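Architecture and fold: a report
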Amino acid sequence: MSFETPVSRRSAVKTIAAATAAAGLIAQATRRAHAAAPRALPSGQLPSDRRLGKLKDLNGYFPFEPSATWEGWQERSEAVRRQILVALGLWPMPTKLPIQATIHGKVERDDYTVERVFFESSPGLYVTGSLYRPKASGPAVKRPAVLCPHGHWANGRFYDHGEAKVQKEIELKAETDPVSGRYPLQARCVQLARMGCVVFLYDMLGNADNQILPPSLIHGFAKQRPDLSSPDRWGLFSAQAELRLLSPCGLQTWNSIRALDWITTLPDVDPQRIGVTGASGGGTQTFLLGCVDPRPAALFPAVMVSTAMQGGCTCENSSLLRVNTGNIEFAALAAPRPIGMTAANDWTVELETKGLPQLKEHFARLGVPGNVVGKYFPFEHNYNKPSRQMMYAFFDRYLHLGVQQPTEERPYQPLTQAEATVWSAEHPMPPAGDDAELKIVRWFDADAQQQVKALTPKDAASLKEYRRVIGGAWDVLIGRALPARGQTTSDERSRIEHDGYHEILGTIGLSKQGEEIPGVFIAPENFAGEVVIWLSAEGKSGLYGADGKPTAAVQALMNANRGVLGIDVLYTGEFQSDGAALTKARSVENPREFVGYTLGYNHPLFSQRVHDVLTAISRFRDLDSVRSIDLVGFGEAGLWAAAAAAQAGDAVRRVAIGTGGYRFASITDIRDPLLVPGAVKYGDVPGLLSLVAPHPLWVSGEGAALPSPTRETYAASGAAGAVTSYSGADEQAAVARWLLG
């Protein structure tokens, strides 16, 4: 149904009401008497919106459904891989400086050697570990290599099970040898070396020799540090670090990448035969490395891959990492490369019935049904002998070791801590503490700024790359594209007739997501199909003045036959039963003040509000009678408008934004409703505005000229003349004039 030109006021009302009913533009609300705008439901109940329920956390349920087609998986896998890279601070990849490794303190054993290794992966950040090598025999050969991130075992690489514990393990048949059982991390390295592999057992951050960033920070962080939270002086876990997507999980994955960079340069290593294996937190590092780097040929994460708990440590979580995805899908990203997994009496106990069947189906659809294996062993959380035996057979097959199976661990002499530690009088440990932390984060921040600045577009070709990197990052930060046609629903609840215009109240819904957005659509008698979505931090009440009537700007638009939509985005208007503005974003029930525990599994509030704007755009776009949609917002709502316009493409005609000069970089509170992890890294407000190009843009709050890179992006888009910068008074009236110009 289309909006026809009415011949009378009554026919106009009927036409508008019928058209909006057919399109389902909005949901239940009431008209308050002329004291204020329509805001609250008659009964006071909140909208029926899934997002008002309990937040998802690391203990949620994370299933995986294989894509139906190869093309579908290609699209999905690219999106998930980009999400992981962005979340870990690796999009674009930080600059890889030359590695200057120190290798010393060789220990000779009967058929293998062990050396101490350390190097800077970036200024101030270190990789430390033990390098196991088979003793050379005959001509020099290229050997397979295995990286071994160790996981959350006490003292990391120096782990000692203890005599009492290993005896119990032997009684349970989890171990058979008192030495291998007591030092299981060393045991797997020794055995792999004896099978012909070069093996690098490296420390996780905050463990063993790698304590420049101490364990109390990396694994034990609990409370925000006011002295390291300001825009000028900030450390890990602060709002400023989140705005740049710098996290221990990302730094640890960077160390894994650099360990891979280094080991592939060794003269005795075959870079085509690289395996990675670790358990628990080491399992997390195993599959994360496999997700972001194509070089590992085979992956074996033990006791970690599950549809249940996703990783409890601060070093295994980062903002954005597992929003709408999880560890099973991360394992799926290994395909077509082989991946093996073990499960135990922990959160992985149901692997064989939840997760593994879907992975088998996924690998079969990709034509490699034998490249995924998983097995449950009835032991506590471990990397014990049965698990290690499975891993040895796995790498023998997929790294082409040519070892007769089954392999049996033989007795060996474990390293003492003194023999394993990389620091010595000749090679002292670098200083730790706040200054060391600041050095690390400052380098990553400066490097990212330099890379993003270098992407500033100069022409059509560089604009394409800018949009791929910066636009691709904001795709992840926002977390949703414009809903496809036919996905939105509506429910009209009331219509109010006024002199010269008609007011329709109701909700727009996105039923697939369980979302319901209250709104009001005000249309004049001669509505001609041009819609202005007018966003306000107060919600739909922003369309009205103190007298309850449409503001002068809204009335001016209606006088020119435009219809105006106002909506209550999440936690504005009807979403707030007390009518108060939200001052703190919600967080999961976790006493530790790490925002990654919340935003690692849930979209930021800012992004959810942008989703609501996209839903409204999609609903009106689906209405045949609507010829165009313009988008307006001021202050916080202006940022929603910019983000929505960046995602909406041709569904939006023109955009008017009043930024008030705001910058995400001013945020110091991790629960600030405007906190968007990564926003500062990817250009802050000017970066967001740059993605609005080439839409005609009216902007205030940014001075007489557009900031960089917005200015360059509009020029490269051939739309430099499509921007109106405004610095006068009465912005709303100025926007109305611009829209009617």
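The structure contained in this document is the topic of the report that follows. (Residues numbered from 1 in each chain as written. Predicted model: local features only at pLDDT ≥ 70, side-chain atom pairs only at ≥ 80, totals over all residues. Heavy atoms only, no water.)

1. Side note on the layout of surface pockets
Quick note on the threshold: Cavities and pockets are found on a 1 Å grid laid over the protein atoms alone: a cavity is a set of points where a 1.4 Å probe fits but cannot escape, a pocket is an open set with protein on both sides within 12 Å along at least five of seven lines, and a lining residue has an atom within 4 Å of such a point. Grid points are joined across faces, edges and corners, and a volume is the space filled by probe spheres set on the points. Runs of E in the DSSP output that reach at least two residues are strands. Runs of H or I that reach at least four are helices, and both are numbered from the N terminus. In the scheme used here, Gly and all other residues not listed as nonpolar or charged are polar, with Ala, Val, Leu, Ile, Met, Phe, Trp, Tyr, Cys and Pro taken as nonpolar and Asp, Glu, Lys and Arg as charged.
Taken as a whole, the largest pocket holds about 1600 Å³ of empty space. As for the largest pocket, its lining consists of 45 residues, and the residues nearest its centre are Arg76, Asn324, Gly479, Gln513 and His603. Listing elements by their share of the lining of the largest pocket, those giving two or more residues are helix H2 (70-87), helix H15 (460-478) and helix H18 (605-621). Take the lining of the largest pocket: its biggest share by element is 7 residues, from H2. Class assignment of the residues belonging to the lining of the largest pocket gives a composition of 16 nonpolar, 13 polar and 16 charged. Looking at the second largest pocket, its volume works out to about 380 Å³. Residue lining of the second largest pocket: 28 residues in total, with Ala585, Arg586, Ser587, Thr598 and Arg671 positioned closest to the centre. Residue assignment for the lining of the second largest pocket shows that the elements contributing at least two residues are helix H17 (596-599) and H18.

2. Notes on the pattern of salt bridges
Defined as follows: Between Lys or Arg on one side and Asp or Glu on the other, a salt bridge is scored when a side-chain nitrogen of the former is within 4 Å of a carboxyl oxygen of the latter. Only protein chains enter the calculation, and the probe is 1.4 Å; a residue is then buried if its accessible area is under 20% of its type maximum, exposed if over 50%, and partly exposed in between.
Inspection of every chain in the model, using the stated rule, returns 48 salt bridges. Between Arg157 and Asp203 there is a salt bridge whose closest N-O contact spans 2.8 Å. One end of the pair, Arg157, is in the loop between strand E4 (143-149) and helix H3 (163-171); the other, Asp203, is in the loop between strand E5 (198-202) and helix H6 (215-218), with 46 residues separating them in the sequence. This pair shows no difference in class: Arg157 is buried, exactly as Asp203 is. Taking the shortest distance from any N to any O, the salt bridge between Glu593 and Lys223 comes out at 3.8 Å. Remark: Lys223 occurs in the loop between H6 and helix H7 (239-242) and Glu593 occurs in the loop between strand E14 (563-567) and H17; sequence separation between them is 370 residues. Shared partners join several salt bridges into a network, and the residues in it are Glu530, Arg562, Arg627, Asp630, Arg653 and Arg654.

3. A few points about the pairing of E4
Applied cut-off: One requirement defines pairing of two strands: DSSP has to find at least two bridges between them.
Most of E4 sits inside the fold, with 7 of its 7 residues counted as buried. Bridging between E4 and strand E6 (residues 269-279) involves 4 bridges; their strand directions are parallel. Bridge assignment links Val146 to a residue of E6, and that residue is Gly275. Examined bridge by bridge, E4 and E5 share 5 bridges and lie parallel to one another. Along E5, the bridge assignment pairs Leu147 with Phe200.

4. Quick notes on empty space enclosed by the protein
Within the structure shown, the criterion is met by 4 cavities of 30 Å³ or more. In this structure, the largest cavity spans a volume of roughly 130 Å³. Lining the largest cavity are 13 residues, and of these Arg244, Phe444, Asp445, Ala448 and Lys681 sit closest to its centre. Class assignment for the residues of the lining of the largest cavity results in 6 nonpolar, 3 polar and 4 charged.

5. Some remarks on the packing of aromatic side chains
Cut-off, in case you're wondering: Stacked, tilted and edge-to-face pairs are distinguished by plane angle, under 30 degrees for stacked and over 60 for edge-to-face with tilted covering the rest, among Phe, Tyr and Trp rings (Trp via its six-membered ring) whose centres lie within 6.5 Å. As a reminder, the over-ring test applies to NZ of lysine and CZ of arginine, requiring each to be within 6 Å of the ring centre and within 35 degrees of the ring normal.
Considering all chains together, one arrives at 26 aromatic pairs under this definition. Look at Phe119 and Trp262: their rings are 5.7 Å apart centre to centre, the planes differ by 40°, and that puts the pair in the tilted class. One end of the pair, Phe119, is in strand E2 (residues 112-122); the other, Trp262, is in helix H8 (residues 248-263), with 143 residues separating them in the sequence. The positively charged end of Lys375 is found above the aromatic ring belonging to Phe377, 5.6 Å away from the centroid. Lying over the aromatic face of Trp738, Arg654 brings its terminal NZ or CZ to 5.6 Å of the ring centre.

6. Notes on the state of the cysteines
So the rule is basically this: The rule for a disulfide is simple: a pair of cysteine sulfur atoms within 2.5 Å.
The full count for this structure, using the stated rule, is 0 disulfides. Cysteine Cys197 remains unbridged, with the sulfur of Cys148 as its closest cysteine sulfur at 9.2 Å. As a non-bridged cysteine, Cys313 has Cys315 as the owner of its nearest cysteine sulfur, 3.6 Å distant. By relative accessible area, which is 9% here, Cys313 ends up buried.

7. Regarding the sheet that holds E6
Put simply, the rule reads: The angle between two axes is taken between their N-to-C directions and runs from 0 to 180 degrees, where each axis is a line fitted to C-alpha atoms and a helix contributes only its stretch in contact. Here, residues are in contact when the closest pair of their heavy atoms is within 4.5 Å.
In spatial order, the strands read E1-E2-E3-E5-E4-E6-E7-E8-E9; together these 9 strands make up an open sheet with mixed pairing. Edge positions in the sheet fall to strand E1 (102-108) and strand E9 (372-376), since each of these pairs with one other strand and no more. For this sheet the average axis-to-axis angle between neighbouring strands, irrespective of direction, equals 20°. Sheet contacts for helix H11 (residues 356-365): strand E8 (339-343) and E9; angle to E9, the most-contacted strand, approximately 165°.

8. So, the side chain of Glu409
So the rule is basically this: Identification of polar contacts relies on pairs of N or O atoms within 3.5 Å, with a donor-acceptor requirement for protein atoms, meaning one able to donate a hydrogen and the other able to accept it, and with residues adjacent in sequence counted only if both atoms are side-chain atoms.
Checked against the element boundaries, Glu409 lands in the loop between helix H12 (385-398) and helix H13 (417-420). A polar contact of 2.7 Å, which involves the side chain of Glu409, links it to the side chain of Arg388. A distance of 2.6 Å separates polar atoms of two side chains, one belonging to Glu409 and the other to Tyr392. In this view, Glu409 contacts Ser180, Ala187, Gln191, Lys385, Arg388, Gln389 and Tyr392; residues no more than four positions away in its chain are not counted.

9. Structural notes on H2
Selection criterion: Multiply 1.5 Å by the residue count of a helix minus one, and that product is the helix's expected span.
Helix length check: H2, at 18 residues, gives a terminal C-alpha distance of 25 Å against a target of 26 Å (1.5 Å per residue), a fit within 8%. All of the buried residues in H2 are Trp73, Ser77, Val80, Arg82, Gln83, Ile84, Leu85, Val86 and Ala87. Taken from the residues just after H2, Gly89 is the one with a positive phi, measuring 75°.

10. Some remarks on the sheet that holds strand E13 (residues 530-535)
Pairing within the open sheet is mixed, and its 9 strands lie in the order E10-E11-E12-E14-E13-E15-E16-E17-E18. Sheet topology places strand E10 (489-497) and strand E18 (723-726) at the edges, where each strand pairs with a single neighbour. Across the sheet, the mean angle separating the axes of adjacent strands is 20° when strand polarity is ignored. Alignment of strand E11 (residues 501-510) against strand E12 (residues 515-524), held across 10 bridges, turns out to be antiparallel. Within the sheet, the bridge partner assigned to Thr507 lies in E12 and is Pro518.

11. Thoughts on the side chain of Glu242
Position of Glu242 relative to the elements: it lies in helix H7. In this structure the side chain of Glu242 is engaged in a polar contact, spanning 2.8 Å, whose partner is the side chain of Ser319. Ignoring anything within four residues of it in the chain, the contact list for Glu242 reads Ser319, Phe594, Val595, Pro677 and Gly678.

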